[in-house]
Amino acid sequence: MSVADSQSAPTDGLAGWALELMDRLGGVGAGIAIALENFFPPLPSEVILPLAGFAASLGSFTLFGALFWTTLGSVLGALGLYSIGRWVGEDRIRAVVRKLPLVDVEDLDRSTAWFQRHGRKAVFFGRMVPVFRSLISIPAGVTRMPIRQFLAFTTAGSLIWNSIFVLAGYQLGENWSAVEPYASALQYVVIAVVVAVLGYGIVRRIRSRSKDTASDNRS
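Worth saying up front: this structure is predicted, and the values here are computed from it rather than measured. (Residues numbered from 1 in each chain as written. Predicted model: local features only at pLDDT ≥ 70, side-chain atom pairs only at ≥ 80, totals over all residues. Heavy atoms only, no water.)

### Here we look at the overall build of the chain
Looking only at helices and strands, the chain has nine helices and zero strands in total. Sequence-ordered secondary structure for the chain, helices as α and strands as β, is α-α-α-α-α-α-α-α-α. For the chain, the proportion of contacts with a sequence separation of at least 24, taken over those separated by at least 6, is 71%. For the chain, the accessible area works out to roughly 12,200 Å², and carbon and sulfur atoms hold 62% of it. (Helix = DSSP H or I, 4+ residues; strand = E, 2+ residues; numbered from the N terminus. Contact = heavy atoms within 4.5 Å. Areas by Shrake-Rupley, 256 points an atom, 1.4 Å probe, with all protein chains shown as cover.)

Okay, structure coming up:
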């Protein structure tokens, strides 16, 4: 059975467009839709992924195919933005920042230094936050994050996020659209985890510096 023949299948909007891609190209179409999300954040992965799971439940393609192609699409799309960031480079961005009012080059330097310290966490968790999951690939390229690290953490984060929604769509069947309202709550959980991890790191660094200062004073 084609997913387009289901009464619960969307017929218009971005979801309808993604559905048409899946009907024509199978799992590859789901991968293309997710890859394009990196360049056009309004494309809702929270709709595309459950829809891919629903299509797999109807036999349009396998569940493994849905997971494989959507994750590959996420990685390829992210790699495209990483390449743009790498091509632009830090020198070009600094030149642009110098010409912008109310923006200090020191702010850029601090942001770059932060990313160099926390880039792997940012890329991994960033794949689970809307809009940020697309944008995070650019500073990774600008700071020339090692490509193997970028691919590894992008793949891991994307696979976790995609699996949650693809499997939910697969299990819910024609009720696949019920997944979307829970996406925001899950994204808030991810953000809370990121803040907690960063906060813990900051506290540890402050304590370490305090101990070093106290040791220097005693000596």
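### Focus on empty space enclosed by the protein
This model, assessed by the stated rule, comprises one cavity of 30 Å³ or more. Approximately 40 Å³ is the volume attributed to the largest cavity. Put simply, the parts of the chain that give the lining of the largest cavity at least two residues each are helix 2 (27-37), helix 3 (45-57) and helix 8 (147-172). Split into classes, the residues belonging to the lining of the largest cavity amount to three nonpolar, four polar and three charged. (1 Å grid on protein atoms, 1.4 Å probe; cavity = no way out; pocket = protein on both sides within 12 Å on 5 of 7 lines; lining within 4 Å. Points joined across faces, edges and corners; volume = space filled by probe spheres on them. Nonpolar A, V, L, I, M, F, W, Y, C, P; charged D, E, K, R; others polar.)

### Brief notes about the environment of Ser-74
Within the secondary structure layout, Ser-74 lies in helix 4 (residues 63-99). Under the relative-accessibility criterion, Ser-74 is labelled buried at 3%. In this structure, the C-alpha to C-alpha distance between Ser-74 and Ile-34, residues 40 residues apart in sequence, is 5.8 Å. (Buried < 20%, exposed > 50% of the residue type's maximum accessible area, 1.4 Å probe, protein only.)

### With respect to the pattern of salt bridges
In this structure the tally under the stated criterion is one salt bridge. As a salt-bridge pair, Glu-20 and Arg-24 come within 2.8 Å of each other at their nearest N and O atoms. Of this pair, Glu-20 and Arg-24 both sit in helix 1 (residues 13-25), separated by four residues, roughly a single helical turn. For Glu-20, a relative accessible area of 39% gives the class partly exposed. (Salt bridge = Lys/Arg side-chain N within 4 Å of Asp/Glu carboxyl O.)

### Comments concerning unusual backbone geometry
In this model, Arg-144 sits at a positive phi of 55 degrees, which is unusual for a non-glycine residue. By the secondary structure assignment, Arg-144 is in the loop between helix 7 (137-142) and helix 8.

### Notes on the packing of helix 2 against helix 3
Axis angle and axis distance: for two packed helices, these are the angle between their axes and the distance between the axes, and together they describe the pair. Contact pair helix 2 / helix 3: the axes reach a minimum separation of 10 Å and the direction vectors enclose 165 degrees. By the criterion of interaxial angle, the relationship of helix 2 to helix 3 is roughly antiparallel. When the axes of helix 2 and helix 3 are compared, the crossing they make is left-handed. Here helix 2 contributes Ala-30, Ala-33, Ile-34 and Glu-37 to the contact with helix 3, which in turn contributes Ser-45, Ile-48, Leu-49 and Ala-52. Of the residues in the contact of helix 2 with helix 3, the class split is six nonpolar, one polar and one charged. (Axes fitted to C-alpha atoms, helices over the stretch in contact; angles between N-to-C directions. Parallel < 35°, antiparallel > 145°, perpendicular 65-115°, else oblique. Left-handed = near helix turned anticlockwise from the far one by under 90°.)

### Thoughts on the packing of helix 3 against helix 8
One can describe the packing of helix 3 onto helix 8 by two numbers: an axis separation of 6 Å at closest approach and a directional angle of 50 degrees. Classified by the angle between their axes, helix 3 and helix 8 sit oblique to one another. Along this stretch, helix 3 crosses helix 8, giving a crossing that reads as right-handed. Along its contact with helix 3, which presents Ser-45, Glu-46, Leu-49, Pro-50, Gly-53, Phe-54, Ala-56 and Ser-57, the element helix 8 presents Trp-161, Asn-162, Phe-165, Val-166, Gly-169 and Tyr-170. For the contact of helix 3 with helix 8, the per-class residue count stands at eight nonpolar, five polar and one charged.

### Topic: the UniProt feature "transmembrane region" (unreviewed entry) in the chain
Summarizing the sequence annotation, UniProt attributes the feature "transmembrane region" (unreviewed entry) to residues 51-84, 150-173 and 185-203 in the numbering used throughout. Across residues 51-84, the secondary structure splits into 85% helix and 0% strand, with the terminal C-alpha atoms separated by 30 Å. (UniProt positions renumbered as here; feature names shortened; annotations may be inferred.)

### Section: the environment of Arg-94
Along the chain, Arg-94 turns up in helix 4. Given a relative accessible area of 19%, Arg-94 falls into the buried group. For the pair Arg-94 and Glu-106, spaced 12 residues apart in the sequence, the C-alpha separation amounts to 9.7 Å.

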